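The primary structure of each chain is shown beneath.
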Amino acid sequence: IPVDVDLIEAINELKKEKNALLMAHYYQDNEIQDIADFVGDSLALAWEASKTDADIILLAGVLFMGETAKILSPQKKVLVPDFNAGCSLADSCPAEDFKAFIRRYPDHIVVTYVNTTADVKALSDIVVTSTNAVKIINSIPKDKKIIFGPDRNLGNYLQSISGREMVIWDGACHVHEKFSVEKIIDLKKDYPDAEIIAHPECKKPVLTIADFIGSTASLLKHTQTADADQFIVATESGVIHQMKKASPDKAFIPAPPSDSTCGCNDCEFMRLNTLRKIYLTLKYEYPEVQVAENIRKEAIKPIEKMFELSE
Ligand code: CIZ
């Protein structure tokens, strides 16, 4: 790329020329969120992508999000800026191992969090997000047994909220697992009026001290409606950008992980995406997300079931 290229201008021109839409996850760098046509959680991104008449969807997030968009929009070209942007949680649940796992519980309904590969979705009965998981688990008849995967922290949280016993896959998100309850308690001494808000992928001790628990979209909404004007935020710090934009007079303090000197917790996979890569991806229409049609046909069923149950 010539050094004098204005990347934002060049991206906007390519978007127009190619009838492309740039969708960014809440965990992207601020500058990417700021030029996106839509910012949201993984499911909202895939859903919005499926509703547009764009020919190309460039999904700035991690790979499973691109796959989810492709599952819902097979006729569109779905691009991601970097194939190395995987997801530790999705990768903690390889499809072959999950297949063997669910075979051990043949009479169970298989509920999976949206943070999985297309192959794992294809093995599932219902997909959930952290926004609709409680509602969907509660809608499953009491006499049905449940397998939940891949996040053990979200699974344990759902178990405690719903009172339903579940067989839980032992996976986790490395970003959410790292928050330190001791450091959050220390931070609270400096900000005694701050609410602690946490994502349900965090470990139990963090959730135990949280004033509010919810998905990225629910946390964002909560910060706009709650009386508090300071929040200690225990999820990937990218979402703080939208929190600040929506509530410029409130303060948002990233919860510290146990092993970091930067004071916040960013996902290195999410942060592989850059404006430069977005420009190149749009220009060369590469890398493109592909989902085999036999997998896509199976993977869309539990997503459609989720839409039906969360209405
Ligand atoms: O599914 C998503 O977008 C993630 C990673 C979290 C959330 O709570 O929205």
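Nothing here was measured: the structure is a model prediction, and the numbers come from that model.

A. The arrangement of unusual backbone geometry in detail. With omega at -5 degrees, the peptide bond leading from glycine 149 into proline 150 counts as cis. Residue position: proline 150 is located in the loop between strand S7 (145–149) and helix H9 (152–162). With an omega of 5 degrees, the peptide bond running from tyrosine 286 to proline 287 counts as cis. Among the structural elements, proline 287 can be located in the loop between helix H15 (275–284) and helix H16 (293–309). Here the phi dihedral of asparagine 19 falls at roughly 50 degrees; this positive angle occurs in a residue that is not glycine. By the secondary structure assignment, asparagine 19 is in the loop between helix H1 (7–18) and strand S1 (20–25). Overall, asparagine 19 belongs to the exposed group, with 11 C-beta atoms counted inside 10 Å. Its identity as a non-glycine residue notwithstanding, glutamate 285 has a phi of 50 degrees, on the positive side. Of note, glutamate 285 is situated in the loop between H15 and H16. The class of glutamate 285 is partly exposed, set by 14 C-beta atoms lying within 10 Å.

B. Expanded view of the site of the ligand. His25, Asp41, Ser42, Val114, Asn115, Thr129, Ser130, His199, Ser215, Thr216 and Ala217 make up every residue found near the ligand. Residues that form the shell around the ligand fall into these classes: 2 nonpolar, 8 polar and 1 charged.

C. Structural detail: the packing of helix H3 (residues 42–51) against helix H4 (residues 63–72). H4 packs onto H3 with a crossing angle of 35 degrees between their chain directions and a minimal axis gap of 8 Å. In this structure, H3 crosses over H4, and the sense of that crossing is right-handed. On H4, the residues that touch Ser42, Leu45, Ala46, Trp47, Ala49 and Ser50 of H3 are Met65, Thr68, Ala69 and Leu72. Of the residues in the contact of H3 with H4, the class split is 7 nonpolar, 3 polar and no charged.

D. Just the sheet that holds S1, in detail. One open sheet holds the 4 strands; their spatial order is S2-S1-S3-S4, and the pairing between them is parallel. Single-partner strands in this sheet number two, and they are strand S2 (38–40) and strand S4 (77–79). For this sheet, the mean inter-axis angle between neighbouring strands, taken without regard to orientation, is 25 degrees. Inspection of the sheet shows strand S3 (residues 56–60) paired to S4 by 3 bridges, in the parallel sense. Bridge pairing links leucine 58 to leucine 79 in S4. In the packing of H3 onto the sheet, contacts are made with S1, S2 and S3, and the angle to S1 comes to roughly 170 degrees.

What counts and what doesn't
- For every chain, the first residue of the written sequence is number 1, and numbering continues from 1 along that sequence.
- In keeping with the model being predicted, local features are shown solely for residues with a pLDDT of at least 70 and side-chain atom pairs are shown and tallied solely at 80 or more, while totals for entire chains, interfaces and linings include all residues.
- The secondary structure listing takes helices from DSSP runs of H or I that are at least 4 residues long and strands from runs of E that are at least 2 residues long, numbered from the N terminus.
- Partly exposed residues are those whose C-beta has more than 12 but fewer than 20 other C-beta atoms within 10 Å; 20 or more makes a residue buried and 12 or fewer makes it exposed, with C-beta atoms placed from the backbone.
- Each residue gets a C-beta atom placed from its backbone. Should that atom fall within 6 Å of a molecule or strand, the residue is termed near it.
- Following the grouping adopted for this structure description, the nonpolar residues are Ala, Val, Leu, Ile, Met, Phe, Trp, Tyr, Cys and Pro, the charged ones are Asp, Glu, Lys and Arg, and the polar ones are all others, Gly among them.
- To obtain each axis, a line is fitted to C-alpha atoms, and for helices this fit is confined to the stretch in contact; angles are then taken between N-to-C directions over 0 to 180 degrees.
- Each crossing gets its handedness from the near helix: less than a right angle anticlockwise from the far helix is left-handed, clockwise is right-handed.
- Whether two residues are in contact is decided by their C-beta atoms, placed from the backbone, lying within 7 Å.
- When DSSP finds two or more bridges between a pair of strands, those strands are recorded as paired.

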